[in-house]
Amino acid sequence: MSPTVTGTVLDEIIAGVLKDLHERQLMVTEDNLRDAIELVKPAIDPIPRLTAPGLSVISEVKRSSPSKGHLATISDPAALADQYRAGGAAAISVLTEERRFQGSLADLDAVRAKVEIPVLRKDFVVTEYQVLEARAHGADLVLLIVAVLSDEDLRHLYDLASELGMTPLVEVHTPEEAARAAALGARLIGVNARNLKTLEVDRAIFGTLLGELPDSAVKVAESGILCVEDAVEARECGADAVLVGEMLVRHGEPAQVLREIHRATV
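Residues numbered from 1 in each chain as written. Predicted model: local features only at pLDDT ≥ 70, side-chain atom pairs only at ≥ 80, totals over all residues. Heavy atoms only, no water.

Draft legend 1. Fine view of the environment of Val-146. Mapped onto the fold, Val-146 is located in the loop between β6 (141-145) and α7 (151-163). Given a relative accessible area of 0%, Val-146 falls into the buried group. Separated by 129 residues in sequence, Val-146 and Val-17 place their C-alpha atoms 16 Å apart. Those residues in contact with Val-146 that sit more than four places away from it in its chain are Leu-154, Val-170, Glu-171, Val-172, Glu-177 and Arg-180. (Helix = DSSP H or I, 4+ residues; strand = E, 2+ residues; numbered from the N terminus. Buried < 20%, exposed > 50% of the residue type's maximum accessible area, 1.4 Å probe, protein only. Contact = heavy atoms within 4.5 Å.)

What follows is the structure, given as structure tokens:
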């Protein structure tokens, strides 16, 4: 299975992801993952929480990013996740990509052990192994980025995640990608304001795409949400939820920010 990527930045990220993936595959086989999946609790359906009154927030455990570098020192991701839960987060996103985002599967394990709300494994998923890995580590959702997958691979990974009980968050950035997500029948679609090939952010994409997505899909605005007003604007564009990382990890009281977003959008 090979990703269909042409952007230089995204090319480099995927190349690193595949190298790190190879190292993990030498230590943990696919059979090991399937055995582990038999022991984890069933995945939680995030849709009820993401469609609750007001704007739902997927709160992210995020140390770093390719565009802004170091964002926050997170020595205890479980404690941060618990603050998110206390603030009313609908779900928690855990970055597991190591090279650019300084995340890990250990972070996912720590968060999963701490909270009982839905957890998203956020990474550049391009293989079956990574989907199995997500479920084996207790993820309830897995990110599938349309820009890095052919239609065939997108369908295959979507179906595999669904068979494992997980909810795929299908991420798009262009009208063409949005049409592909709609054709897939995705229940949960994220519109990313960041172009992963250039790392530029254009929040106007929310107004362009969110209202064009199928009514049946739960819609998530991703990237560029840096204040409560940005979240309100995304809601006005049609978002059911926002995925927020930088604003929360840089704020001393993330639970307070979550409450402010809820009050402003309910």
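Draft legend 2. Structural context of the packing of aromatic side chains. Considering all chains together, one arrives at one aromatic pair under this definition. A ring pair is formed by Phe-101 and Phe-124, whose centres lie 6.1 Å apart and whose planes are at 35 degrees; its orientation type is tilted. A residue pair is termed long-range when its members are at least 10 positions apart, and Phe-101 in the loop between β4 (91-95) and α5 (105-114) and Phe-124 in the loop between β5 (119-122) and α6 (128-136) qualify at 23 residues. Neither residue differs from the other here; Phe-101 and Phe-124 are each classed as buried. (Phe/Tyr/Trp six-rings, centres within 6.5 Å; stacked < 30°, edge-to-face > 60°.)

Draft legend 3. Local environment of the pattern of salt bridges. With the rule as written, the count across this model stands at 17 salt bridges. Residues joined in a network through salt bridges with shared partners are Arg-24, Arg-121, Asp-123 and Glu-133. (Salt bridge = Lys/Arg side-chain N within 4 Å of Asp/Glu carboxyl O.)

Draft legend 4. Examining the confidence of the model for the chain more closely. Overall, the prediction assigns the chain a mean pLDDT of 94, with 97% of residues at 70 or greater. For the stretch residues 1-6, pLDDT sits under 50, and the model shows 21 contacts to residues farther than four places along the chain or on other chains. (pLDDT = per-residue confidence, 0-100.)

Draft legend 5. A look at the sheet that holds strand β9 (residues 218-222). Overall, parallel pairing links the eight strands, which are arranged β1-β4-β5-β6-β7-β8-β9-β10 in a closed barrel. In this sheet, adjacent strand axes meet at a mean angle of 25 degrees when their direction is disregarded. As defined by bridge partners, strand β1 (residues 56-61) adjoins strand β10 (residues 241-244) across four bridges and the pair is classed as parallel. Within β10, the position partnered with Ile-58 by the bridge is Leu-243. (Pairing = 2+ DSSP bridges. Axes fitted to C-alpha atoms, helices over the stretch in contact; angles between N-to-C directions.)

Draft legend 6. The environment of Cys-237, seen in detail. Of note, Cys-237 is situated in helix α10 (residues 228-237). Here the alpha-carbon distance between Cys-237 and Asn-192, two residues 45 residues apart in the chain, equals 13 Å. Those residues in contact with Cys-237 that lie beyond four places of it in its chain are Phe-206, Gly-207, Leu-210 and Gly-211.

Draft legend 7. Structural view of the pairing of β5. Alternating positions in β5 separate into two faces, Val-119 and Arg-121 on one and Leu-120 and Lys-122 on the other, with burial throughout. In this structure, β4 lies alongside β5, joined through four bridges in parallel fashion. Each residue of the ladder has a partner; that of Val-94, found in β5, is Arg-121. Remark: the β4/α5/β5 crossover connection has right-handed handedness. The sheet contact formed by β5 and β6 spans two bridges and is parallel. Looking at the pairing, Arg-121 lines up with Val-142 of β6. For the crossover that starts at β5, traverses α6 and ends in the parallel β6, the hand is right-handed. (Right-handed = clockwise from strand over helix to strand, strands pointing away.)

Draft legend 8. Looking closely at the layout of surface pockets. Empty space within the largest pocket amounts to approximately 410 Å³. Around the largest pocket sit 30 residues that line it, and Lys-62, Lys-122, Asn-192, Arg-194 and Ser-223 are the ones nearest its centre. Sorting the residues of the lining of the largest pocket by element identifies β6, β10 and α11 (246-249) as the ones contributing at least two each. Of the residues contributing to the lining of the largest pocket, the split by class is 15 nonpolar, six polar and nine charged. Considered as a void within the structure, the second largest pocket measures approximately 190 Å³ in volume. Every residue lining the second largest pocket is counted, 14 residues in all, and those nearest its centre are Leu-55, Ser-56, Val-57, Gly-88 and His-262. (1 Å grid on protein atoms, 1.4 Å probe; cavity = no way out; pocket = protein on both sides within 12 Å on 5 of 7 lines; lining within 4 Å. Points joined across faces, edges and corners; volume = space filled by probe spheres on them. Nonpolar A, V, L, I, M, F, W, Y, C, P; charged D, E, K, R; others polar.)

Draft legend 9. Just empty space enclosed by the protein, in detail. Evaluation of the coordinates by the stated rule reveals one cavity of 30 Å³ or more. Estimates place the volume of the largest cavity at around 50 Å³. As for the largest cavity, its lining consists of Val-17, Asp-20, Arg-24, Thr-96, Glu-97, Glu-98, Arg-121 and Asp-123. Of the residues forming the lining of the largest cavity, the biggest block, three residues, is contributed by helix α1 (residues 8-27).

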